[in-house]
Amino acid sequence: MPNTNAYILGTGRSYPEGVITNADLEKMVETSDEWITTRTGIKQRHKAAGGEYTSLFAVRAARQAIEKARIDASDIDLIICATVTPDQILPATGCLIQAELGAHRAAAFDLVAACSGFLYGLTLANQMIRSDQSRYALVIGAEILTQYVDYTDRGTCVIFGDGAGAAVLGQTTGERGILSSRIRSDGRFAEQLFSPGGGTRLPATAETLSDGMHFFKMRGNELFKVAVRSMTEVSTEVLSEAGYKPEDIKLFVPHQANQRITDAVADRLGVEESKVYSNIAMHGNTSSASIPIALDECVEAGTIKEGDLVLMASFGGGATWGAVLTRW
Ligand code: UT7
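Keep in mind that this is a model prediction, so the values were computed, not measured. (Residues numbered from 1 in each chain as written. Predicted model: local features only at pLDDT ≥ 70, side-chain atom pairs only at ≥ 80, totals over all residues. Heavy atoms only, no water.)

Summarising the element assignment, G102 is placed in the loop between α4 (93-101) and β5 (107-111). Looking at G102, the relative accessible area reads 22%, which means it is partly exposed. When the C-alpha atoms of G102 and L179 are compared, they prove to be 31 Å apart, with 77 residues separating the residues in sequence. (Helix = DSSP H or I, 4+ residues; strand = E, 2+ residues; numbered from the N terminus. Buried < 20%, exposed > 50% of the residue type's maximum accessible area, 1.4 Å probe, protein only.)

The next point concerns the sheet that holds β5. A sheet is described by the order of its strands in space; here 5 strands give the open sequence β1-β7-β6-β4-β5, paired in mixed fashion. Both edges of this open sheet fall to β1 (5-14) and β5, since each of them pairs with a single strand only. Within the sheet, the average angular offset between the axes of one strand and its neighbour, ignoring direction, is 20°. Across 9 bridges, the pairing between β1 and strand β7 (residues 163-172) is antiparallel. Bridging from a neighbouring strand, G10 pairs with V168 of β7. Docked against the sheet, helix α3 (residues 54-69) engages β1, β6 (137-143) and β7, running at close to 130° with respect to β1. In the packing of helix α5 (residues 117-130) onto the sheet, the strands contacted are β1, β4 (78-82), β5, β6 and β7, and the crossing angle to β6 comes to about 170°. (Pairing = 2+ DSSP bridges. Axes fitted to C-alpha atoms, helices over the stretch in contact; angles between N-to-C directions. Contact = heavy atoms within 4.5 Å.)

Once that is clear, we can look at the side chain of H46. By secondary structure assignment, the location of H46 is in strand β3 (residues 44-46). Separated by 2.8 Å, the side chain of H46 and the backbone oxygen of P16 make a polar contact. In this view, H46 contacts Y15, P16, E17, G18, V19, T146, G161, D162, M282 and H283; residues no more than four positions away in its chain are not counted. (Polar contact = N/O pair within 3.5 Å; in protein donor to acceptor, adjacent residues only side chain to side chain.)

A few words now on α4. Residues of α4 that are buried: T93, G94, I97, Q98 and L101. In an axial view of α4, the angular spread of the buried residues amounts to 145°, which keeps them on one side of the axis. Where the residues of α4 are buried, they touch α3, β4, β5 and β6. At the exit of α4 stands G102, carrying a positive phi of roughly 75°. (Arc of directions from axis to C-beta.)

In the vicinity of the ligand, 24 residues are found, and the nearest of them are T31, N221, N258, R260 and N285. T31 is positioned with one of its side-chain polar atoms (N or O) 2.6 Å from a nitrogen atom of the ligand. Relative to its unbound accessible surface of 940 Å², the ligand loses 73% to contact with the protein. Taken together, the elements giving at least two residues each to the shell around the ligand come down to α2 (33-40), α6 (154-157), α8 (220-242), α9 (259-269) and β12 (309-316). Broken down by element, the residue count for the shell around the ligand peaks at 4 residues, all from α8. A class-by-class count of the residues in the shell around the ligand yields 11 nonpolar, 9 polar and 4 charged. There are two domains that each give the shell around the ligand at least three residues, and those are domain 1 (5-174) and domain 2 (179-327). (Near = heavy atom within 4 Å. Areas by Shrake-Rupley, 256 points an atom, 1.4 Å probe, with all protein chains shown as cover. Nonpolar A, V, L, I, M, F, W, Y, C, P; charged D, E, K, R; others polar. Domains from an automatic or database assignment.)

Now the structure itself:
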């Protein structure tokens, strides 16, 4: 019997209407459009308004993915919501999404792997599908990062934005689907990107809030180097495991962390610029949402077509990283 494989049947994306431009940030912190553009590639990022929450955008993205996959929500038996900005501590945002979609047969949970969350989710869903424990899996990356951004800290506030992306995976026995994937982490880098307050270690109090302990703290410069090295290494691994070379890739869709990280990884891998997808100018860094948003944009624009070899790679807080190679 041929091996069962998992492939992406449909994608979707959603983000808030609100936008913060570099010009807006110039009025908030000591920065400039020129610095942000040359150091990150970002021109604007979406920002949720008061009353907008993570699952709102996740559900919108998921509905599109389900419709494009031509299945019913009730067919889904696995929902993985990758997020570091859940609606609330309990229950899982995945369960809230499940209820909203009416996907009552699914097992739903949240996955915390920061910017690598979507690729962690794809990797798990792939294994569930291959082992026949799941027929249709919904993997979502959804974040309202701007709720945790300190708009007096120019090192982080220029980077992060909000949004959600989703993908429905199904079974195939054909030549398409996820060919190889790898996920990795190293907790020794935990304090390079973290939010110290609000958990059991430093519970939320009036003091932790006024000290801004719930905001993201980032040592961006140190993370930059680890990101470039680990994304390059893990991409090389998944390519060689599947028996491909960088020149075989039709499209490289990296996590949109910083244009200079994307350029450095592509350069080290030897992937030519025309095959590298970037939307960071319009969205900033949306953590777990960045890859599924990018995939949906590519499918819609016809940049990804059936049969294309697509490489995805990510790096995020934790530190976490991973890569997935798929035949679309
Ligand atoms: O999503 C996955 C996890 N996150 C990442 O992978 C983020 C990776 N890191 C980065 O994207 C970059 O490190 C940043 C964009 C965050 C910072 O860029 P950088 O080129 O690494 O800058 P830097 O931190 O080395 O700072 C260089 C200078 C400093 O000034 P001095 O000390 O040289 O005078 C900073 O204070 O740039 C200054 N600076 C800024 N200036 C204007 C830092 N942020 C800003 C700013 N506007 N927004």
